Amino acid sequence: MSVYQRKAKQSVKDQIVTGLFKELAKRPLSEIPVASLIKTAGVARASYYRNFDSKEAILNFYLDRVLGKTEEPEGETIWTRPAIQENLEEIFQRFEEEKEHFILLFQSGLASYAFDYFSSFADRNGINSPFPWADQYKLPFYSGALTAVLYHWLKSGTKESTTELAELFISFLPDAFFIDEAHN
(Lines give C-alpha, C1' and ligand atoms only; values in the text may rest on other atoms or scores of the structure.)
Protein backbone atom coordinates (compact mmCIF):
# COMPACT_ATOMS: atom_id res chain seq x y z
CA MET A 1 0.00 0.00 0.00
CA SER A 2 1.41 3.37 -1.01
CA VAL A 3 1.83 6.29 1.39
CA TYR A 4 -1.06 8.03 -0.38
CA GLN A 5 -3.33 5.00 0.05
CA ARG A 6 -2.44 4.71 3.74
CA LYS A 7 -3.20 8.39 4.29
CA ALA A 8 -6.49 8.10 2.40
CA LYS A 9 -7.48 5.04 4.45
CA GLN A 10 -6.53 6.84 7.67
CA SER A 11 -8.56 9.87 6.60
CA VAL A 12 -11.65 7.71 6.01
CA LYS A 13 -11.21 6.05 9.40
CA ASP A 14 -10.87 9.44 11.05
CA GLN A 15 -14.04 10.65 9.32
CA ILE A 16 -15.90 7.59 10.59
CA VAL A 17 -14.65 8.12 14.15
CA THR A 18 -15.70 11.78 14.00
CA GLY A 19 -19.08 10.75 12.63
CA LEU A 20 -19.56 8.20 15.39
CA PHE A 21 -18.90 10.76 18.12
CA LYS A 22 -21.28 13.23 16.46
CA GLU A 23 -23.93 10.51 16.48
CA LEU A 24 -23.15 9.53 20.09
CA ALA A 25 -23.87 13.10 21.11
CA LYS A 26 -27.43 12.56 19.84
CA ARG A 27 -28.24 8.95 20.74
CA PRO A 28 -26.92 5.73 22.30
CA LEU A 29 -24.56 3.50 20.30
CA SER A 30 -27.18 0.77 19.94
CA GLU A 31 -29.56 3.23 18.27
CA ILE A 32 -27.10 4.55 15.67
CA PRO A 33 -27.88 2.99 12.29
CA VAL A 34 -24.97 2.51 9.90
CA ALA A 35 -26.84 4.61 7.30
CA SER A 36 -26.93 7.58 9.67
CA LEU A 37 -23.32 7.07 10.71
CA ILE A 38 -21.96 7.03 7.15
CA LYS A 39 -24.07 10.06 6.23
CA THR A 40 -22.73 12.00 9.23
CA ALA A 41 -19.19 10.81 8.49
CA GLY A 42 -19.48 11.69 4.80
CA VAL A 43 -18.25 8.30 3.60
CA ALA A 44 -19.67 5.57 1.41
CA ARG A 45 -21.15 2.41 2.90
CA ALA A 46 -18.37 0.39 1.21
CA SER A 47 -15.74 2.57 2.91
CA TYR A 48 -17.33 1.88 6.27
CA TYR A 49 -17.37 -1.90 5.78
CA ARG A 50 -13.90 -1.91 4.23
CA ASN A 51 -12.52 -0.40 7.44
CA PHE A 52 -14.79 -1.63 10.24
CA ASP A 53 -17.05 -4.59 10.84
CA SER A 54 -18.98 -2.98 13.71
CA LYS A 55 -19.47 0.23 15.65
CA GLU A 56 -17.51 -1.38 18.49
CA ALA A 57 -14.57 -1.84 16.11
CA ILE A 58 -14.64 1.93 15.56
CA LEU A 59 -14.38 2.46 19.32
CA ASN A 60 -11.48 -0.01 19.54
CA PHE A 61 -9.71 1.78 16.70
CA TYR A 62 -10.30 5.14 18.37
CA LEU A 63 -9.04 4.02 21.79
CA ASP A 64 -6.04 2.26 20.21
CA ARG A 65 -5.22 5.46 18.35
CA VAL A 66 -5.53 7.57 21.50
CA LEU A 67 -3.14 5.23 23.27
CA GLY A 68 -0.75 5.26 20.32
CA LYS A 69 -1.22 1.57 19.62
CA THR A 70 -1.31 2.13 15.88
CA GLU A 71 2.44 2.71 16.25
CA GLU A 72 5.06 0.04 16.80
CA PRO A 73 5.09 -1.26 20.40
CA GLU A 74 7.94 0.07 22.50
CA GLY A 75 8.55 -3.15 24.36
CA GLU A 76 7.30 -4.97 27.40
CA THR A 77 5.91 -3.03 30.34
CA ILE A 78 7.99 -3.43 33.48
CA TRP A 79 5.79 -3.16 36.58
CA THR A 80 7.97 -0.90 38.69
CA ARG A 81 6.58 2.31 40.18
CA PRO A 82 8.72 4.61 37.94
CA ALA A 83 7.84 2.70 34.76
CA ILE A 84 4.14 2.61 35.54
CA GLN A 85 4.18 6.29 36.50
CA GLU A 86 5.68 7.12 33.11
CA ASN A 87 3.06 4.98 31.33
CA LEU A 88 0.22 6.53 33.31
CA GLU A 89 1.42 10.07 32.62
CA GLU A 90 1.36 9.29 28.91
CA ILE A 91 -2.12 7.71 29.15
CA PHE A 92 -3.47 10.68 31.11
CA GLN A 93 -1.91 13.14 28.64
CA ARG A 94 -3.41 11.36 25.64
CA PHE A 95 -6.88 11.21 27.18
CA GLU A 96 -6.66 14.83 28.34
CA GLU A 97 -6.29 15.72 24.66
CA GLU A 98 -9.42 13.64 23.95
CA LYS A 99 -11.35 14.83 26.99
CA GLU A 100 -14.66 15.58 25.25
CA HIS A 101 -14.77 12.24 23.45
CA PHE A 102 -13.88 10.18 26.52
CA ILE A 103 -16.50 11.94 28.66
CA LEU A 104 -19.02 11.40 25.86
CA LEU A 105 -18.32 7.66 25.98
CA PHE A 106 -19.37 7.64 29.63
CA GLN A 107 -22.33 9.91 29.12
CA SER A 108 -23.48 7.62 26.30
CA GLY A 109 -23.61 4.66 28.66
CA LEU A 110 -20.34 3.16 27.44
CA ALA A 111 -18.41 3.18 30.72
CA SER A 112 -18.42 -0.62 30.74
CA TYR A 113 -17.02 -0.56 27.21
CA ALA A 114 -14.09 1.61 28.36
CA PHE A 115 -13.51 -0.75 31.29
CA ASP A 116 -13.58 -3.80 29.00
CA TYR A 117 -11.20 -2.07 26.59
CA PHE A 118 -8.60 -1.51 29.32
CA SER A 119 -9.17 -5.01 30.77
CA SER A 120 -8.61 -6.78 27.45
CA PHE A 121 -5.92 -4.47 26.09
CA ALA A 122 -3.02 -6.92 26.48
CA ASP A 123 -4.91 -9.83 24.90
CA ARG A 124 -6.14 -7.76 21.94
CA ASN A 125 -2.69 -6.38 21.22
CA GLY A 126 -0.78 -9.65 21.45
CA ILE A 127 1.07 -8.65 24.59
CA ASN A 128 2.26 -11.78 26.32
CA SER A 129 1.27 -11.46 29.96
CA PRO A 130 2.60 -8.01 30.81
CA PHE A 131 1.26 -8.28 34.34
CA PRO A 132 3.53 -9.65 37.06
CA TRP A 133 0.64 -11.14 39.00
CA ALA A 134 -1.33 -14.32 38.58
CA ASP A 135 -4.24 -13.18 40.74
CA GLN A 136 -7.28 -13.00 38.47
CA TYR A 137 -8.74 -9.98 40.30
CA LYS A 138 -5.83 -7.54 40.06
CA LEU A 139 -6.32 -6.73 36.37
CA PRO A 140 -10.04 -5.91 36.77
CA PHE A 141 -9.17 -3.87 39.87
CA TYR A 142 -6.46 -1.94 38.04
CA SER A 143 -8.58 -1.48 34.88
CA GLY A 144 -11.62 -0.35 36.84
CA ALA A 145 -9.62 2.05 38.96
CA LEU A 146 -7.83 3.48 35.92
CA THR A 147 -11.08 3.96 34.01
CA ALA A 148 -12.88 5.55 36.99
CA VAL A 149 -10.02 7.86 37.97
CA LEU A 150 -9.48 8.93 34.37
CA TYR A 151 -13.16 9.76 33.93
CA HIS A 152 -13.41 11.61 37.26
CA TRP A 153 -10.27 13.64 36.52
CA LEU A 154 -11.50 14.65 33.06
CA LYS A 155 -15.03 15.37 34.27
CA SER A 156 -13.82 17.50 37.20
CA GLY A 157 -11.65 19.74 35.01
CA THR A 158 -8.18 18.12 35.07
CA LYS A 159 -7.11 20.16 38.10
CA GLU A 160 -4.08 17.95 38.75
CA SER A 161 -1.25 17.70 36.25
CA THR A 162 -0.71 14.35 34.56
CA THR A 163 2.32 13.81 36.80
CA GLU A 164 0.37 14.60 39.96
CA LEU A 165 -2.47 12.30 38.92
CA ALA A 166 -0.09 9.45 38.06
CA GLU A 167 1.62 9.83 41.46
CA LEU A 168 -1.74 9.86 43.22
CA PHE A 169 -2.98 6.82 41.30
CA ILE A 170 0.18 4.84 42.09
CA SER A 171 -0.09 5.80 45.76
CA PHE A 172 -3.48 4.05 45.88
CA LEU A 173 -2.10 0.78 44.52
CA PRO A 174 -0.81 -1.81 46.97
CA ASP A 175 2.81 -2.93 46.78
CA ALA A 176 1.61 -6.27 45.38
CA PHE A 177 1.06 -4.54 42.01
CA PHE A 178 4.74 -3.82 41.52
CA ILE A 179 7.83 -5.97 41.07
CA ASP A 180 11.08 -5.27 42.86
CA GLU A 181 13.47 -3.57 40.44
CA ALA A 182 16.29 -5.63 41.89
CA HIS A 183 14.80 -8.76 40.28
CA ASN A 184 15.14 -7.39 36.72
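Residues numbered from 1 in each chain as written. Predicted model: local features only at pLDDT ≥ 70, side-chain atom pairs only at ≥ 80, totals over all residues. Heavy atoms only, no water.

Student: Mind showing me how you'd approach the pattern of salt bridges here?
Tutor: Charged atoms that come close allow side chains of opposite charge to pair. Under the criterion given, the structure shown has five salt bridges. Between Arg27 and Glu23 there is a salt bridge, with its nearest N and O atoms 2.6 Å apart. Residue classification places Glu23 among the buried residues on the basis of a relative accessible area of 0%. In this structure, Glu90 and Arg94 form a salt bridge, with 2.9 Å as the shortest nitrogen-oxygen distance. With Glu90 and Arg94 both in helix H5 (residues 81-97) and four residues apart, this pair spans about one turn of that helix. By relative accessible area, Glu90 is classed as partly exposed at 33%. Salt bridges sharing partners connect three or more residues here, namely Glu23, Lys26 and Arg27. (Salt bridge = Lys/Arg side-chain N within 4 Å of Asp/Glu carboxyl O. Buried < 20%, exposed > 50% of the residue type's maximum accessible area, 1.4 Å probe, protein only. Helix = DSSP H or I, 4+ residues; strand = E, 2+ residues; numbered from the N terminus.)

Student: I tried to follow the packing of aromatic side chains on my own but got confused; where do I start?
Tutor: For any pair of aromatic rings, the description consists of the separation of the ring centres together with the inter-plane angle of the planes. One pass over the structure, following the stated rule, counts 14 aromatic pairs. With 4.1 Å between their ring centres and 15° between their planes, Phe106 and Tyr151 make a pair best called stacked. With a gap of 45 residues between them, Phe106 in helix H6 (residues 99-107) and Tyr151 in helix H9 (residues 138-155) connect regions that are remote in the sequence. Residue Phe106 is classed as buried on the basis of its relative accessible area, which comes to 17%. Centre to centre, the rings of Phe141 and Phe177 are 5.7 Å apart; their planes meet at 40°, and the pair counts as tilted. You can see Phe141 sitting in helix H9 and its partner Phe177 sitting in the segment after helix H10 (162-172), a full 36 residues away along the chain. For Phe141, a relative accessible area of 46% translates into the label partly exposed. (Phe/Tyr/Trp six-rings, centres within 6.5 Å; stacked < 30°, edge-to-face > 60°.)

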